[in-house]
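Understanding the architecture of this molecule
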Amino acid sequence: MNVKIDSSWKSYLETEFNKPYFKDLVAFVKSEYQNHTCYPPGNLIFSAFDNCKFQDLKVVIIGQDPYHGVGQANGLCFSVKENIMHPPSLINIFKEIETDIGTPYPKSGNLERWAKQGVLLLNATLTVRAQKAGSHQSKGWEQFTDAVIKTISEHKQDVVFLLWGGFAKKKVKIIDTKKHHVLTSGHPSPLSANRGYWFGNKHFSKCNEILKEKAIKW
């Protein structure tokens, strides 16, 4: 596995890459990609870091697993490749943006446009076996992505963390809430959204109010 990652992250994460657990994780991921269909494509595993430079980072959105359907995952949480049908959670995200700040529902579900503005779209687990949700959990990815969150918390100031759903909300314990801003709500999945835990959270306008002149074009 070629760790393709923007150079701005290297000095912060180099020690993590050299730890025994990460070497074991790399061996596991290599084996999985050689023997099974896995997502995202190998060159996009670290896409969240490649598209969002450390110095530009303003917002963190935490997902759980990459999409496990054909051609969906592109290494950014909740995002899909161009010309791929939008999954239900992404549809609900775009609907909330539309009602919250008036941005029209977009054709493309590729969220690279957010990442390049400083939004880290971080899945807790960066890979998955095709059609098997959660298949690469508890192999070391969570240790790595928790280290990423801790690093951001320690070395950055005034980052907005958007924690959607029970899994993401647990990450608050590794974020310094005195230095950073944390917005929480239900998950955008239909199960949560249809129960009233997602729509109306106004996270996109609230985030931009915090960022002021550094606001994101959602």
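Attention here is on the structure that accompanies the text. In this text the structure is predicted, and so the values were computed from the model without any measurement. (Residues numbered from 1 in each chain as written. Predicted model: local features only at pLDDT ≥ 70, side-chain atom pairs only at ≥ 80, totals over all residues. Heavy atoms only, no water.)

Looking at the sheet that holds strand S5 (residues 160-164)
Picture the strands of a sheet paired through backbone hydrogen bonds; they go either parallel or antiparallel. Put simply, the rule is: Any two strands between which DSSP finds at least two bridges are classified as paired. Runs of H or I in DSSP of at least four residues are treated as helices and runs of E of at least two as strands, each being numbered from the N terminus. Angles run from 0 to 180 degrees between N-to-C directions of axes, and those axes are lines fitted to C-alpha atoms, restricted for helices to the stretch in contact.
Ordered in space as S3-S2-S5-S6, the four strands form an open sheet in which the pairing is parallel. Both outer strands of the open sheet, strand S3 (119-123) and strand S6 (181-185), are each paired with one neighbouring strand and no more. Taken pair by pair, the neighbouring strands of this sheet meet at an average axis angle of 20 degrees, ignoring direction.

Overview of the packing of helix H2 (residues 20-35) against helix H6 (residues 141-155)
For any two helices packed against each other, one specifies the inter-axial angle together with the distance between the axes. Our working definition: Oblique is the label for every angle not falling under 35 degrees (roughly parallel), over 145 degrees (roughly antiparallel), or within 65 to 115 degrees (roughly perpendicular). Left-handed describes a crossing whose near helix is turned anticlockwise from the far helix by less than a right angle; the clockwise case is right-handed. Residues count as neighbours in contact if any of their non-hydrogen atoms are within 4.5 Å of one another. Classification convention: Asp, Glu, Lys, Arg as charged; Ala, Val, Leu, Ile, Met, Phe, Trp, Tyr, Cys, Pro as nonpolar; all other residues, Gly among them, as polar.
Contact geometry for H2 and H6: axes closest at 9 Å, N-to-C directions at 125 degrees. Taken together, the axes of H2 and H6 are oblique relative to one another. When you trace H2 past H6, the crossing you get is left-handed. Contacts between H2 and H6 involve Tyr21, Phe22, Leu25 and Val29 from the former and Trp141, Gln143 and Phe144 from the latter. Here the residues of the contact of H2 with H6 sort into six nonpolar, one polar and no charged.

Topic: H6
Stated formally: Take the number of residues in a helix, subtract one, and multiply by 1.5 Å to get its expected span. In this scheme, a residue with accessible area under 20% of its type's maximum is buried, one over 50% is exposed, and one in between is partly exposed, where area comes from a 1.4 Å probe on protein chains only.
When the terminal C-alpha atoms of H6 are compared, their 21 Å separation across 15 residues agrees well with the 21 Å that a helix rising 1.5 Å per residue should span. Within H6, the full set of buried residues consists of Trp141, Glu142, Phe144, Thr145, Ala147, Val148, Ile149, Thr151, Ile152 and Ser153. For H6, the secondary structure elements touched by its buried residues are helix H1 (7-17), H2, helix H3 (47-50), strand S2 (59-63), S3 and S5.

Focus on the side chain of aspartate 65
For clarity, the cut-off: We count Lys and Arg on the positive side and Asp and Glu on the negative side, and we leave His and both chain ends out. Basic side-chain nitrogens of Lys or Arg form a salt bridge, by our definition, when they fall within 4 Å of a carboxyl oxygen of Asp or Glu. Two N or O atoms form a polar contact when they lie within 3.5 Å of each other; inside protein one atom must be a possible hydrogen donor and the other a possible acceptor, and for residues adjacent in sequence the pair counts only when both atoms belong to side chains.
Mapped onto the fold, aspartate 65 is located in the loop between S2 and helix H4 (88-101). Buried charged residue aspartate 65 carries no salt bridge. Nearest counter-charge: lysine 171, at 11 Å. Of note is the side chain of aspartate 65, whose polar atom sits 3.4 Å from the side chain of glutamine 137. Sequence-distant contacts of aspartate 65, defined by excluding residues within four places in its chain, comprise Asn123, Thr125, Val128, Ala133, Gly134, Ser135 and Gln137.

Here we look at the pairing of S5
A large share of S5 lies buried, amounting to five of its five residues. Here S5 shows two buried faces, one formed by Val160, Leu162 and Trp164 and the other by Phe161 and Leu163. Relative to S6, S5 runs parallel, the two sharing five bridges. Note that in S6 the partner of leucine 163 across the bridge is threonine 184.

With respect to H4
Taking 1.5 Å of rise per residue, 14 residues should cover 20 Å, and H4 covers 20 Å from first to last C-alpha, within 8% of that figure. When we look at burial in H4, the residues that qualify are Ser89, Leu90, Asn92, Ile93, Phe94, Glu96, Ile97 and Asp100. At its buried positions, H4 is contacted by helix H5 (112-115), S5, helix H8 (190-193) and helix H9 (203-211). A positive backbone phi angle near 85 degrees is found at glycine 102, which sits one or two residues after H4.

Some details on the nonpolar core
The test is simple: Residues enter a nonpolar core if they are buried and are Ala, Val, Leu, Ile, Met, Phe, Trp, Tyr or Cys, with the set joined through side-chain atoms within 4.5 Å.
Core analysis: the largest hydrophobic core is formed by 63 residues, its most contacted members being Phe49, Ile61, Trp114, Leu120, Phe144 and Trp218. With residues near it in sequence (within four places) discarded, phenylalanine 144 still touches Leu13, Glu16, Phe17, Tyr21, Phe22, Phe46, Phe49 and Leu126.

Here's the deal with the layout of surface pockets
Note the cut-off: Here a cavity means grid points, on a 1 Å grid over the protein atoms only, where a 1.4 Å probe fits yet cannot get out; a pocket means an open set of points with protein on both sides within 12 Å along at least five of seven lines; lining residues are those with an atom within 4 Å of a point. Grid points are joined across faces, edges and corners, and a volume is the space filled by probe spheres set on the points.
Space inside the largest pocket adds up to approximately 430 Å³. Lining the largest pocket are 28 residues, with Gln64, Asp65, Tyr67, Asn123 and His187 sitting closest to its centre. Elements supplying a minimum of two residues to the lining of the largest pocket: S2 and helix H7 (165-169). Looking at the lining of the largest pocket, the element that brings in the most residues is H7, giving four residues. When grouped by side-chain class, the residues that make up the lining of the largest pocket number 15 nonpolar, twelve polar and one charged.

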